[in-house]
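# Summary of the model geometry
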Amino acid sequence: MEQWLALELASTIRHDGDGGVADDLATVRGTTDWIRKQGPLLAGHVPAEGLTADEDLRLGIIDLRQAVRALFARLVSPAPPSPADAHRLMPADRAMDRLNTAAAREPVAPQLCWPEGRAPAARLLTGEEDPYVRLVAALARAAIDFLSGPQSTRLRSCTAPRCVRYFVKSHGRQEWCKPSCGNRARAARHYRRRRTAADDGPAPS
C-alpha cells in the first residue's frame, strides 16, 4: 500500500477510539516515536531512526502540520474539511508561505546515482548538517510534492462519524478511509432512517 509522508503528518491528528481526538505529537516522546516510525519514508533525507526530538522540533513539526492540514482542507473543497480543525484553519496563503519557507531552509542539489546493472536514479545531496532542519525541510518538501502531484486529486476527508482523517481514494466508490469507518457510517445512516420513521409516526388509516 502506497504511503505519503504528508498524509502521515496530517494523520498525527486522529480519532482516539473513545469519541475524542488524539494527537501523536502532543509530547516530545510521542513526536520522537512518530519520527522514528517514518524512517522508511525519510530514507535518504535524514536518519530518522536515531533522531530524538526536543520541544523546539516538536513545535516546528506541529507548525508544519497546521499548514498541511489547511492546504488539505482547501484541496478537498467544496467538500467539508476534517472536523478536527475546521474551525481554526490557517489561511491558505500563510500555509503555502510556511511550507515554502521550511523547504528552503535546507540547501539541496540533485545528484545522479547509477549503480552498475541498475536503472539511473536521482538523490538529493544536502549542505545542511543540522538533522532537525533537514527533517522539517524534508517534511515540507514531501507536502509540496504531494499537493502538486497526481494523487492530490484523490484526496478526501473521511465523513464517517467521529473520524478526522484525510485519505487518498484508492478506487472509484470509496467513501471512507477504512472499512471500520464505513461500518460506522452505515450504522449511523440506518439509525437516522429509523429515527426519522419513528418521529413521523404511523401513516394515517
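Structure: above.
Anyway, here's the lowdown on the structure attached to this text. (Residues numbered from 1 in each chain as written. Predicted model: local features only at pLDDT ≥ 70, side-chain atom pairs only at ≥ 80, totals over all residues. Heavy atoms only, no water.)

### Some thoughts on the overall build of the chain
In terms of regular secondary structure, the chain is built from 7 helices and 6 strands. Secondary structure elements in the chain, listed N-terminal to C-terminal, are α-β-β-α-α-α-α-β-β-α-β-β-α. Relative to its 205 residues, the chain shows a buried fraction of 39%. Considering only residue pairs separated by 6 or more positions, the chain has 55% of its internal contacts joining residues 24 or more positions apart. When the accessible area of the chain is evaluated, it comes to approximately 12,200 Å², of which 52% is carbon and sulfur surface. (Helix = DSSP H or I, 4+ residues; strand = E, 2+ residues; numbered from the N terminus. Buried < 20%, exposed > 50% of the residue type's maximum accessible area, 1.4 Å probe, protein only. Contact = heavy atoms within 4.5 Å. Areas by Shrake-Rupley, 256 points an atom, 1.4 Å probe, with all protein chains shown as cover.)

### Re helix α5 (residues 92-104)
Here α5 spans 18 Å end to end across 13 residues, near enough to the 18 Å set by a 1.5 Å rise per residue. Every buried residue of α5 is listed here: Ala95, Leu99, Ala102 and Ala103. Each buried residue of α5 sits inside an arc of 100 degrees when the element is viewed along its axis, so together they form one side. Opposite its buried face, α5 presents the exposed residues Asp93 and Ala104, each directed more than 90 degrees away. Elements that come into contact with the buried residues of α5 comprise α4 (55-76) and α6 (131-148). (Expected span 1.5 Å × (residues − 1). Arc of directions from axis to C-beta.)

### Section: the packing of α4 against α5
At their nearest, the axes of α4 and α5 sit 9 Å apart, and the two run at 130 degrees to each other. By the angle between their directions, the pair α4 and α5 is classed as oblique. Judged by the sense of rotation from one axis to the other, the crossing of α4 with α5 is left-handed. Only Ala92, Ala95, Met96, Arg98, Leu99 and Ala102 of α5 make contact with α4, whose side of the interface consists of Asp63, Leu64, Gln66, Ala67, Val68, Ala70, Leu71 and Arg74. Considering only residue class, the contact of α4 with α5 consists of 10 nonpolar, 1 polar and 3 charged. (Axes fitted to C-alpha atoms, helices over the stretch in contact; angles between N-to-C directions. Parallel < 35°, antiparallel > 145°, perpendicular 65-115°, else oblique. Left-handed = near helix turned anticlockwise from the far one by under 90°. Nonpolar A, V, L, I, M, F, W, Y, C, P; charged D, E, K, R; others polar.)

### What about α6?
Here α6 is 18 residues long and its end C-alpha atoms lie 25 Å apart, about the 26 Å a rise of 1.5 Å per residue gives. N-cap assignment for α6: the residue whose side-chain oxygen lies 2.8 Å from the backbone N of Tyr132 is Asp130. (Polar contact = N/O pair within 3.5 Å; in protein donor to acceptor, adjacent residues only side chain to side chain.)

### Section: the nonpolar core
Proteins that are soluble and globular tend to have nonpolar side chains buried together. In terms of nonpolar packing, the biggest core is built from 41 residues, with Ile35, Leu57, Ile61, Phe72, Leu99, Leu135 and Leu155 touching the most fellow members. When contributions to this core are tallied by element, the ones reaching two or more residues are α1 (5-10), α2 (28-37), α4, α5, α6 and β6 (166-168). It is α4 that provides the largest number of residues to this core, a total of 11 residues. The contact partners of Ile35, leaving out residues within four places of it in the chain, are Leu42, Ala48, Leu51, Ala53, Leu57, Ile61 and Leu135. (Core = buried A, V, L, I, M, F, W, Y, C linked by side-chain atoms within 4.5 Å.)

### Details of the packing of aromatic side chains
Scanning the model with the defined rule gives 3 aromatic pairs in all. Between Phe72 and Phe146, the aromatic rings sit 5.3 Å apart at their centres with planes inclined by 45 degrees, giving tilted as the arrangement. In this pair, Phe72 sits in helix α4 while Phe146 sits in helix α6, placing the two residues 74 residues apart along the sequence. Neither residue differs from the other here; Phe72 and Phe146 are each classed as buried. An aromatic cluster is present here, built from Trp4, Phe72, Phe146 and Tyr166 joined pairwise through their rings. (Phe/Tyr/Trp six-rings, centres within 6.5 Å; stacked < 30°, edge-to-face > 60°.)

### Side note on the environment of Thr31
Take Thr31: it is sitting in helix α2. For Thr31, a relative accessible area of 0% translates into the label buried. On a C-alpha basis, the gap between Thr31 and Arg58 in space is 6.2 Å, while along the polypeptide they are 27 residues apart. Those residues within four positions of Thr31 in sequence are excluded, and the remaining contacts are Asp24, Leu25, Ala53, Arg58 and Ile61.

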